[in-house]
Amino acid sequence: MVYLGLDCASPYLALALYQNGVLARFCEEVGRDHAGRITGALDALFAQAGLTPHDLAGVTVGVGPGSYTGLRVGVAAAKGIAQGLDLPLRGESSLLALAATALGEGRPRGVVALDARRGGVYAGVFRWRPEGITQEGELVKGQRETLQEQGLPYFEGIPPDAAYLAQCAARGANTVTPLYL
Amino acid sequence: MKNVPKTLSSLSDTEQLARTLVQHAPPGTLLVLSGPLGAGKTTLVQALGRALGSAAQISSPTYTLIHEYPTPAGVLVHIDAYRLSAIRSDVAEALFELGLDDYLERARLVAVEWGEALLRAFPEALIVNLSLTGNARRVYVTQGDRTLV
Amino acid sequence: MKETVILGVDTSCDDTGVGVVRGGRVVANVVASQTALHTAYGGVMPEQASREHLSVIDTVLTRALLEADVTLDDVTHVAATYGPGLVGALLVGLTYAKGLAWARGLPFVPVHHLEGHIASALGASALGASALGASSLTENAEPPFLCLIASGGHTSLFDVRAWGDYGELGRSRDDAAGEAFDKAARLLGLGYPGGPALGRLAATGDPDAYPFTLPLRGQKGFDFSFSGLKTAVSVLLQRQPDADKADVAASFEHAIVESLVRTTLRAAAATGYGTLVVAGGVAANLRLRERLQETPLTVRVPPFELATDNGAMIALAAHARLQAGLDEGDLSVDATPYLPLSDASRTRDESARS
């Protein structure tokens, strides 16, 4: 069962294929050019894995929070791919994908934040466990400095781990609701 | 700002103003256009398009609120917040919901008609105030508490 | 050659449209209108429009496939509008369609929104005359012909020399005709969208009651200008608050229709074309239809559901492009909010890259 994960909520375009482990990854900082790059990146991803879209069993897309434009591109592309191949589509927080990059066995807990513009950030506390990553408490909008002083490792501006999203696709479809930032 | 006429009596005066504004405004600048209907706000945006090297036919964005035009210098965004001001008390918030941040990030210039409500969030915005006396158009350009023209 | 089954997607403004064209005939045309969403705002709200497109696009496609009685396995091409329009709105339909085409390995045909309107002339025989009952609906138009597009967002006259070869003869210098209808309707207290309501009210009024000056009289070109008419209505209502609204509506409609018709007739004389295709929401205006029937032109008006924004017209345009042997285009095309049709003609790929 091969799963696709994709995230366009941040300046990164992140894609991954997963089947009992990472089969292929694509992650580049594209600024706001997700739309222009996404099909080329998908081609590169599948070429790297030696697979075709017809091998897919499910898709997960990062639903933000993120920029209006990035979210639209990510969710619209994911919907097109999933519907085109009659696959279950799942939406997961893009912060989970960031947490997957930041956290691991040696560093199981931390604050993951993204720029909310005009001085603020959106942030959540995340915990890594071998069976998955969970968010502790609510997503908050606050000041960078305050969040950095919580005594937890603080992560901002890191690329999302699309392979974690792909892994989530095994859980099946859910309602995909973009969180426009 | 130098060489800017304080009254716009011809199209070439407006073109001169537009060229100066373009020189003075770094990429991503918010330009608030203030003045009554018929004061020449859209005409100024047309001149801004030409000053940025675009031959695009610029028209008023009343129907869709936003028009954007490619220019050799980057995207020129033209927003008309008049309709928003009629339905929303928080025009600035309405403009943010419209994706103003996204536009400012990627645009060469974002010109907003009836956008005075944005000045609190963007104190560094350039304000072009156009007023109509008889057939002449008086211009004030301010930024923060400085009067540039 | 295998019969083509083309999916067409349009999300350029406030309607989510997906259509299916099979062997050149429209077999599905589903449009999810957002009018109710935008009514509260007195017009289109771009961000809300984009979000709504994204939340309904997959359902609209499913409905279109059901209506067409085809499955995705039957689909041979995917087409979508790439401009002009609201960038966020365009991005949804375009990216969705690209994702679908990419996943299925299907050729992708990017279509200019106005090329779609022009191609709606090909939909007449497909849907038959049932929609409006006029004989002019049963025959398709083939280029060359003159095309008047009049909607809420566009008012232009095109010289359609061949599929993929369009020259703009004139356009509105300010408001689009539909926009002027909406604005005048608001002045008359008719709500949004006001065009159809204004048309109904006008039918009961005297079109000669208030002789508005026709815009751009004496011009050599074929441009339109409707902003002044809207202002004239505003001034009239200020000066004469008791003016009969039906008379005002009828007089205003008369002025718009005369302006459209007279400029179109001059363009027909200049190009020598005897066939006129009218598309866009304003094509539904009864007075405009009647007035055009009085002219010597052979008038082709697509059925209403093809005249307003929809996905089937995009699939029809793709069909016309394929039939004419034009390039298919590819997945690299990006959403392009400002896009003159002349840039999108045969040289579309070059303009998309620049």
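Residues numbered from 1 in each chain as written. Chains lettered and ligands numbered in written order. Predicted model: local features only at pLDDT ≥ 70, side-chain atom pairs only at ≥ 80, totals over all residues.

Enquirer: Just checking my understanding: could you explain helix H7 (residues 195–202) of chain C for this structure?
Expert: An α-helix turns once per 3.6 residues; consequently, residues spaced three or four apart project the same way. All names here are of chain C. Turning to H7, its buried residues number three or more, namely Gly195, Leu198, Gly199, Leu201 and Ala202. For H7, the angular spread of the buried residues around the axis is 165°, confining them to a single face. Buried residues along H7 sit against helix H6 (177–187), helix H9 (245–271) and helix H10 (286–293). (Buried ≥ 20, exposed ≤ 12 C-beta atoms within 10 Å, placed from the backbone. Helix = DSSP H or I, 4+ residues; strand = E, 2+ residues; numbered from the N terminus. Arc of directions from axis to C-beta. Contact = placed C-beta atoms within 7 Å.)

Enquirer: Mind showing me how you'd approach the sheet that holds strand E6 (residues 145–150) of chain C here?
Expert: Strand pairing in a sheet takes place through backbone hydrogen bonds and is either antiparallel or parallel in direction. All names here are of chain C. The strand order across the open sheet built from five strands is E8-E7-E6-E9-E10, with neighbouring strands paired in mixed fashion. Where the open sheet ends on each side, the last strands, each with one partner, are strand E8 (165–171) and strand E10 (298–300). Looking at each pair of strands side by side, their axes are set apart by 25° on average, direction ignored. Here E6 pairs with strand E7 (residues 155–162) via six bridges, running antiparallel. Of the residues in E7, the one forming a bridge with leucine 148 is leucine 157. Those strands touched by H9 are E6, E7, E8 and strand E9 (275–279), and its axis lies near 160° from that of E6. (Pairing = 2+ DSSP bridges. Axes fitted to C-alpha atoms, helices over the stretch in contact; angles between N-to-C directions.)

Enquirer: Would you mind going over the interface of chain B and chain C with me for this structure?
Expert: You'll often see interface size given as the accessible area lost when the parts meet. Facing 17 residues of chain B, the contacting portion of chain C comprises 16 residues. For the side of chain B that touches chain C, the secondary-structure elements that each account for two or more residues are strand E3 (66–71) and helix H3 (82–87) of chain B. When residues of the side of chain B that touches chain C are assigned to their parent elements, the largest contribution, four residues, is made by E3(B). Tallied by class, the residues present in the side of chain B that touches chain C amount to nine nonpolar, five polar and three charged. (Nonpolar A, V, L, I, M, F, W, Y, C, P; charged D, E, K, R; others polar.)

Enquirer: Teacher, can you tell me more about the interface of chain C and chain A here?
Expert: Taken residue by residue, the interface counts 22 residues in chain C and 20 residues in chain A. It is helix H3 (residues 87–104) of chain C that provides the largest number of residues to the side of chain C that touches chain A, a total of twelve residues.

Enquirer: I would appreciate a short explanation of the pairing of strand E5 (residues 108–112) of chain C in the present structure.
Expert: When a strand is regular, its side chains alternate between the sheet's two faces. All names here are of chain C. Summarising burial for E5: five of the five residues are buried, a large majority. By the alternation rule, side chains of E5 split into Phe108, Pro110 and His112 and Val109 and Val111, which are all buried. Sheet topology places strand E4 (residues 77–83) next to E5; five bridges connect them, and they run parallel. Bridge assignment links valine 78 to a residue of E5, and that residue is phenylalanine 108. Handedness of the β-α-β unit built from E4, H3 and E5 comes out right-handed. (Right-handed = clockwise from strand over helix to strand, strands pointing away.)

Enquirer: Would you mind going over the packing of H9(C) against H10(C) with me for this structure?
Expert: The relative placement of two packed helices comes down to the angle between their axes together with the axis-to-axis distance. Residue and element names in this part refer to chain C. One can describe the packing of H9 onto H10 by two numbers: an axis separation of 10 Å at closest approach and a directional angle of 40°. Here H10 runs oblique to H9, going by the angle between their axes. H10 is crossed by H9, and the crossing has right-handed handedness. Across the interface between the two elements, Glu253, Val257, Leu260 and Val261 of H9 pack against Arg287, Leu288, Arg291 and Leu292 of H10. The residue inventory of the contact of H9 with H10, partitioned by class, reads five nonpolar, no polar and three charged. (Parallel < 35°, antiparallel > 145°, perpendicular 65-115°, else oblique. Left-handed = near helix turned anticlockwise from the far one by under 90°.)

Enquirer: Would you mind going over the sheet that holds strand E9 (residues 154–156) of chain A with me for this structure?
Expert: Residue and element names in this part refer to chain A. With mixed pairing, the four strands of this open sheet are ordered in space as E8-E7-E6-E9. Looking at strand neighbours, the two that pair on one side only are strand E8 (132–143) and E9, the edges of this open sheet. Going from strand to strand, the sheet's axes swing by 25° on average, the running direction of each strand aside. Of the strand pairs in this sheet, strand E7 (residues 120–129) and E8 are connected by nine bridges, and their pairing is antiparallel. From the neighbouring strand, glycine 120 faces E8, where its bridge partner is glutamine 143. Contacting strand E6 (109–117), E7, E8 and E9, helix H3 (residues 94–102) runs over the sheet at an angle of about 130° to E6.

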